[in-house]
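Now for the letters of each chain:
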Amino acid sequence: MMEWLEVHRGDAPLVVSFPHTGTLIPLEIEKRMVSPWLARKDADWWIDRLYGFAHDLGATTVRTAISRTVIDVNRDPSGASLYPGQATTELCPTTTFDGEPIYDGAGPDEAEVARRRTTYFEPYHAALDAELARLRSVHGKVVLYEAHSIRSVIPRLFEGELPNFNLGTNSGASCAQALTAAVEAACDASGYSRVTNGRFKGGWTTRRYGQPQAGVHAIQMELACRGYMDDPSEAPTPATWPAPYSDAQAAPMRAALTDVLKACLAFAKA
């Protein structure tokens, strides 16, 4: 296994994917960027720690330690936009969510994008493929749960303040309605705000692997960061972002997410 690719195998019919928690950037790439902070600004901060309980539930986890700025493993590898007509970032991002240039000069050309795809993108998805196939061979149904987070206020991407829970099922195509309903019920019981298939309908991973007819049910959870950490309402700066992780501050959200993953398991085992 490659040192940047982390796979923790469990036996339960649940795979939790962490595509955006990494912060590693090869030096030859980072030295071309405007700043180390800007290059890592849009990570899904602390999400792998927030879901640290997943292993206790028997879940398999797959995580890349490579920053999404190097290559975003939740984008269409062809480069096609998942949200046509809306602001977004590319397979190999050249701007932040706020529209700031990441590179001090030209970004990666086609040849470099292809190299990054071969080096980082393809091994990540090969690992997901392998784990889903392993679990599918012994379970009638398997849930792939995409774990994400984003700042609550990003005017370039969406209006106003994002709900706490943002479920994406590719408008219902990536999983059975029963799974959607079970996760919605767990979210709503927590008292946090929730929307399903709002601004975030699920990225490439949810859309590619979600094949309910074949027993693989995929769902994306995009958390608003304010639910588990300090989340500045103003534009973030190196002094305010990322805020440190606090177990005490994250505890209520962690409890809610435990119920969410238990709902996924109950669906898969039914």
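Above this text sits the structure in question.
Our subject in this report is the structure included herewith.

Calculation criteria
Residues numbered from 1 in each chain as written. Predicted model: local features only at pLDDT ≥ 70, side-chain atom pairs only at ≥ 80, totals over all residues. Heavy atoms only, no water. Phe/Tyr/Trp six-rings, centres within 6.5 Å; stacked < 30°, edge-to-face > 60°. Helix = DSSP H or I, 4+ residues; strand = E, 2+ residues; numbered from the N terminus. Buried < 20%, exposed > 50% of the residue type's maximum accessible area, 1.4 Å probe, protein only. Pairing = 2+ DSSP bridges. Salt bridge = Lys/Arg side-chain N within 4 Å of Asp/Glu carboxyl O.

**Section: the packing of aromatic side chains**
Here is step 1 of the chain: Scanning the model with the defined rule gives eight aromatic pairs in all.
Here is step 2 of the chain: Ring geometry for Trp 4 versus Tyr 120: centroids 5.2 Å apart, planes at 75 degrees, classification edge-to-face. Placement of the pair is Trp 4 in the segment before strand 1 (5–8) and Tyr 120 in helix 4 (residues 110–136), with a sequence separation of 116 residues. Each member of the pair Trp 4 and Tyr 120 is classed as buried.
Here is step 3 of the chain: Relative to Trp 204, the ring of Phe 121 lies with its centre 5.5 Å away and its plane at 50 degrees, an arrangement referred to as tilted. In this pair, Phe 121 sits in helix 4 while Trp 204 sits in helix 6 (residues 204–209), placing the two residues 83 residues apart along the sequence. The pair formed by Phe 121 and Trp 204 is uniform in burial state, with each residue classed as buried.

**Focus: the pairing of strand 2 (residues 14–18)**
Along any regular strand, the residues point their side chains to alternate faces of the sheet.
Here is step 1 of the chain: Where burial is concerned, most of strand 2 is hidden: five out of the five residues are buried.
Here is step 2 of the chain: What you see with strand 2 is no split at all: Leu 14, Val 16 and Phe 18 on one side and Val 15 and Ser 17 on the other are buried throughout.
Here is step 3 of the chain: One ladder, built from four bridges, connects strand 2 with strand 4 (residues 142–150); its direction is parallel. Within the sheet, the bridge partner assigned to Leu 14 lies in strand 4 and is Val 143.
Here is step 4 of the chain: Here strand 2 pairs with strand 3 (residues 60–64) via four bridges, running parallel. Considered in strand 3, the bridge of Val 16 is made with Thr 61.

**Considering the pattern of salt bridges**
Here is step 1 of the chain: Overall, the coordinates contain 19 salt bridges when judged by the stated rule.
Here is step 2 of the chain: Residues Glu 112 and Arg 32 are paired through a salt bridge, measuring 2.9 Å at the closest nitrogen-oxygen approach. Taken together, the residues Glu 112 in helix 4 and Arg 32 in the loop between helix 1 (27–30) and helix 2 (36–40) connect sequence positions 80 residues apart.
Here is step 3 of the chain: Among the residues examined, Arg 32 registers a relative accessible area of 27% and is labelled partly exposed.

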